[in-house]
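Fold and geometry: a report
Residues per chain are reported as follows:
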Amino acid sequence: MASSLSAIPHVIIMSAEFITGITVNGFLIIVNCKELIKSRKLTPMQLLFICIGMSRFGLLMVLMVQSFFSVFFPFFYKVKVYGATMLFFWMFFSSVSLWFATCLSAFYCLKISGFIQSYFLWLKFRISKLMSWLLLGSFLASMSTAALGIEADYPKNIDSDDVLKNATLKRTGPKIRQVNEVLLVNLALLFPLAVFVMCPFMLFISLYKHTHRMQNGSHGVRNASTEAHINALKTVITFFCFFISYFAAFMANMTFSVPYGSHCFFVLKDIMAAFPSGHSIIIILSNSKFQQSFRRLLCLKKNQ
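Residues numbered from 1 in each chain as written. Predicted model: local features only at pLDDT ≥ 70, side-chain atom pairs only at ≥ 80, totals over all residues. Heavy atoms only, no water.

Moving on: the overall build of the protein chain. Scanning the protein chain for helices and strands turns up 13 helices and zero strands. Each helix and strand of the protein chain, placed in order from N terminus to C terminus, yields the pattern α-α-α-α-α-α-α-α-α-α-α-α-α. Expressed as a percentage of the 304 residues in the protein chain, the buried residues total 46%. If you take every contact in the protein chain between residues at least 6 apart in sequence, the share linking residues at least 24 apart comes to 80%. Summing over all exposed atoms, the protein chain offers an accessible surface of approximately 15,700 Å²; the carbon and sulfur share of this is 70%. (Helix = DSSP H or I, 4+ residues; strand = E, 2+ residues; numbered from the N terminus. Buried < 20%, exposed > 50% of the residue type's maximum accessible area, 1.4 Å probe, protein only. Contact = heavy atoms within 4.5 Å. Areas by Shrake-Rupley, 256 points an atom, 1.4 Å probe, with all protein chains shown as cover.)

Now the structure itself:
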């Protein structure tokens, strides 16, 4: 009971993140589905936003179920909730959310950057047509990662009490090997992380080159292209902060070395819940169309 009481502040934080996340991701889904009904077609970006909203919605549900039941109903969580199915959904929604976020940052980078190399221009002019295939590839890669994680068979072969109490000192060699297998499977997420890291780096180089050209020319330093670079760079760097914090917390959790019910355990959950909420808020704030729709929604609620 004492441990449950000490976890209540974290549950409050998680609940606030959950409500915020459900609101903003639901907004992304509804607004873009409304555009689909109105125009009978979806642009690649609208499809991406719907996929992002749905993946974040699923991730938030998994995190909330984990946190709520592990705090208030630990026995039920151990017997009914914790297991291969929950691990699969957690790994799948984590992976697909990170992949979709990478697709969004890559899209911003390709559309804004001013590189003139042939391969870059080829990608820049075809990224919209390739978006559906990128989303399908992200979905299949995430399914494979989650399926391989279950194949590692960690929850099935290790006693639940051992997992929940984290009796690290009592683990045998095969158990540690199986934990390492689960962790190694998730290291596949280093690829989208590497792509994500490249995006702000390329935007910064492109901005530097563009500013240098403007200074040497007859134009002012600040113009529409410069503003677009700066705004995109700010957005992508903010994306990156949420991305890297979630990735680090997720990997730390997947080592199964953090004591269950400890302060660190719940801090990791809080950090992970901040990603699907905060990242979607930044998407709305960086898109003028979404901002207008959200303001109209808020005004409508106030009038009611």
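Interhelical geometry of helix α3 (residues 44-72) versus helix α12 (residues 263-285) gives an angle of 155° and a closest axis separation of 10 Å. Here α3 is positioned roughly antiparallel relative to α12, judged by the angle of their axes. Here the hand of the crossing between α3 and α12 comes out left-handed. Along the contact surface, α3 presents F49, I52, R56, L59, L60, L63, Q66, S67, S70 and V71, while α12 presents F265, F266, K269, M272, A273, F275, P276, S277, H279, S280 and I283. For the contact of α3 with α12, the residue count by class is 13 nonpolar, six polar and two charged. (Axes fitted to C-alpha atoms, helices over the stretch in contact; angles between N-to-C directions. Parallel < 35°, antiparallel > 145°, perpendicular 65-115°, else oblique. Left-handed = near helix turned anticlockwise from the far one by under 90°. Nonpolar A, V, L, I, M, F, W, Y, C, P; charged D, E, K, R; others polar.)

What follows deals with the packing of aromatic side chains. Enumeration according to the criterion identifies twelve aromatic pairs in this entry. Between F27 and F290, the ring centres sit 6.3 Å apart and the planes meet at 80°, which makes this aromatic pair edge-to-face. Residue F27 is found in helix α2 (residues 8-39), and its partner F290 is found in helix α13 (residues 288-303); the two are separated by 263 residues along the sequence. Aromatic pair F89 and F93: ring centres 6.3 Å apart, planes at 20°, arrangement stacked. With a gap of four residues between them, F89 and F93 both fall in helix α5 (residues 84-112), about one helical turn apart. Here the aromatic cluster, defined as three or more aromatic residues joined through ring pairs, consists of F88, F89, F92, F93 and F139. The cationic tip of K269 hangs over the ring face of W90; the distance from NZ or CZ to the ring centre is 4.8 Å. (Phe/Tyr/Trp six-rings, centres within 6.5 Å; stacked < 30°, edge-to-face > 60°. Lys NZ or Arg CZ within 6 Å of the ring centre and 35° of its normal.)

Let us look at the UniProt feature "transmembrane region" (unreviewed entry) in the protein chain. UniProt marks residues 12-33, 45-75, 87-110, 130-150, 183-208, 229-251 and 271-288 with the feature "transmembrane region" (unreviewed entry), using the numbering shown here. End C-alpha to end C-alpha, residues 12-33 measures 31 Å, and it is 100% helix and 0% strand. Measuring from the first to the last C-alpha atom of residues 87-110 gives 34 Å, for a span that is 100% helix and 0% strand. (UniProt positions renumbered as here; feature names shortened; annotations may be inferred.)

Attention shifts here to α12. Taking 1.5 Å of rise per residue, the 23 residues of α12 would be expected to cover 33 Å, and the 32 Å separating its terminal C-alpha atoms lies within 8% of that figure. Residue F275 marks the point of greatest curvature in α12, where the axis turns by about 30°; the proline P276 follows within four residues. (Expected span 1.5 Å × (residues − 1). Bend = angle between axes of the 7 residues up to and from the residue.)

Ranked by internal contacts, the top residues of the largest apolar core, which has 64 residues, are L48, W90 and L104. Contributions of two or more residues to this core are made by α2, α3, α5, α6 (118-151), α10 (190-216), α11 (224-254) and α12. When residues of this core are assigned to their parent elements, the largest contribution, 18 residues, is made by α5. Not counting chain neighbours up to four residues away, the residues in contact with L104 comprise M45, L48, F49, I52, F239, H279 and I283. (Core = buried A, V, L, I, M, F, W, Y, C linked by side-chain atoms within 4.5 Å.)

Take the side chain of K124 next. Looking at where K124 falls in the secondary structure, it is placed in helix α6. Beyond its immediate chain neighbours, meaning those up to four positions away, K124 contacts L110, K111 and S113.

Right, let's talk about the pattern of salt bridges for a bit. Pairing is possible between side chains that carry opposite charge, provided their charged atoms lie close to one another. Under the counting rule described, the total for this entry stands at one salt bridge. Its salt-bridge partner being E35, residue K289 comes within 3.7 Å of it at the nearest N-O pair. In this pair, K289 is assigned in helix α13 and E35 in helix α2, connecting sequence segments 254 residues apart. K289 gets classed as partly exposed once you look at its relative accessible area, which sits at 43%. (Salt bridge = Lys/Arg side-chain N within 4 Å of Asp/Glu carboxyl O.)

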